[in-house]
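Single-letter residue listing:
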Amino acid sequence: MVIGWRVGEEELAHVPYPASRYPVEVMVQRSQDFYSLMNQRRSVRFLSPEPVPRQVIDNVIRTAGTAPSGAHTEPWTFVVVSDPEVKHQIRLVVEEEEEVNYRQRMGDKWVSDLQRLRTNWVKQYLDVAPYLVLIFKQTYGIVAGGQKRTHYYNEISVSISCGLLLAALQNAGLVTVTTTPLNCGPQLRLLLGRPANEKLLMLLPVGYPAPDATVPDLTRKPLDDIVVHL
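Residues numbered from 1 in each chain as written. Predicted model: local features only at pLDDT ≥ 70, side-chain atom pairs only at ≥ 80, totals over all residues. Heavy atoms only, no water.

Visitor: Describe the sheet that holds strand β2 (residues 76-81), and please don't skip the residues or the numbers.
Guide: Strand order in the open sheet formed by 3 strands is β2-β3-β6, with antiparallel pairing between adjacent strands. At either end of the open sheet lies a strand with only one pairing partner, and these are β2 and β6 (198-206). Neighbour-to-neighbour, the strand axes of this sheet turn through a mean angle of 20 degrees, independent of strand direction. Sheet topology places strand β3 (residues 131-138) next to β6; 8 bridges connect them, and they run antiparallel. Bridge pairing in β6 places Phe136 opposite Leu200. Sheet contacts for helix α2 (residues 54-64): β2, β3 and β6; angle to β2, the most-contacted strand, approximately 165 degrees. (Pairing = 2+ DSSP bridges. Helix = DSSP H or I, 4+ residues; strand = E, 2+ residues; numbered from the N terminus. Axes fitted to C-alpha atoms, helices over the stretch in contact; angles between N-to-C directions. Contact = heavy atoms within 4.5 Å.)

Visitor: Give a detailed account of the pattern of salt bridges, specifying residues and quantitative values.
Guide: Enumeration over the complete set of coordinates arrives at 5 salt bridges. Of the charged contacts, one joins Asp58 and Arg54 as a salt bridge, the two residues approaching to 3.2 Å between their closest N and O atoms. Of the two residues, Asp58 and Arg54 both sit in helix α2, 4 residues apart, roughly one turn of that helix. The exposure class of Arg54 is exposed, given its relative accessible area of 55%. A salt bridge links Glu155 to Lys137; the nearest nitrogen and oxygen atoms lie 2.7 Å apart. Within this pair, whereas Glu155 is found in helix α6 (residues 154-171), its partner Lys137 is found in strand β3, the two being separated by 18 residues in sequence. Classification of Lys137 as buried rests on a relative accessible area of 15%. Linked through salt bridges whose partners overlap, the residues forming this network are Arg91, Glu95 and Asp127. (Salt bridge = Lys/Arg side-chain N within 4 Å of Asp/Glu carboxyl O. Buried < 20%, exposed > 50% of the residue type's maximum accessible area, 1.4 Å probe, protein only.)

Right, dumping it as structure tokens:
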């Protein structure tokens, strides 16, 4: 049985919102500064094994947890892996499936489109990065008595949370590459001991960039190509 919110169950009081309002020139400068910071964000596949303070990881995940969610169900679980053996087991699972993906499942066009980025099924960064953050969406919640609680828009909610996590990592001076390992979710869920209501959405290796890290020389679409003002 799946249940939702019931009248009188947890009716919340409303409190004043402590808004921050800036002068126009400050707003413009803050928005430009944040854009400049985020425009430096890149997908980095060459990470350093240098340790990263645990408090930083906790803080960026706290930030991700501020995302909006359907009916405030907060349907996300962040599994942070730093144990070298567990990281290596994750790598073995991912590489095994990714080789099949590249050779059979993805198709020639997809593989061809990735060639200019020089990506393949070898994921050395899964061993090298000091942390792997695996983000699971909770397809439903469990309440007292074992009943299922509806998690509305769970995938969209967790995706928004992932966007905030990427921004928080960039703000902290860390790098990652967004990975969505095709067909690896069930194996990784079992490996990490996660319950059946959780589905893997994204896997992020997190750390400092390697001293010799390189990234593809890409450009982004100009504003006129991505916005429509009416």
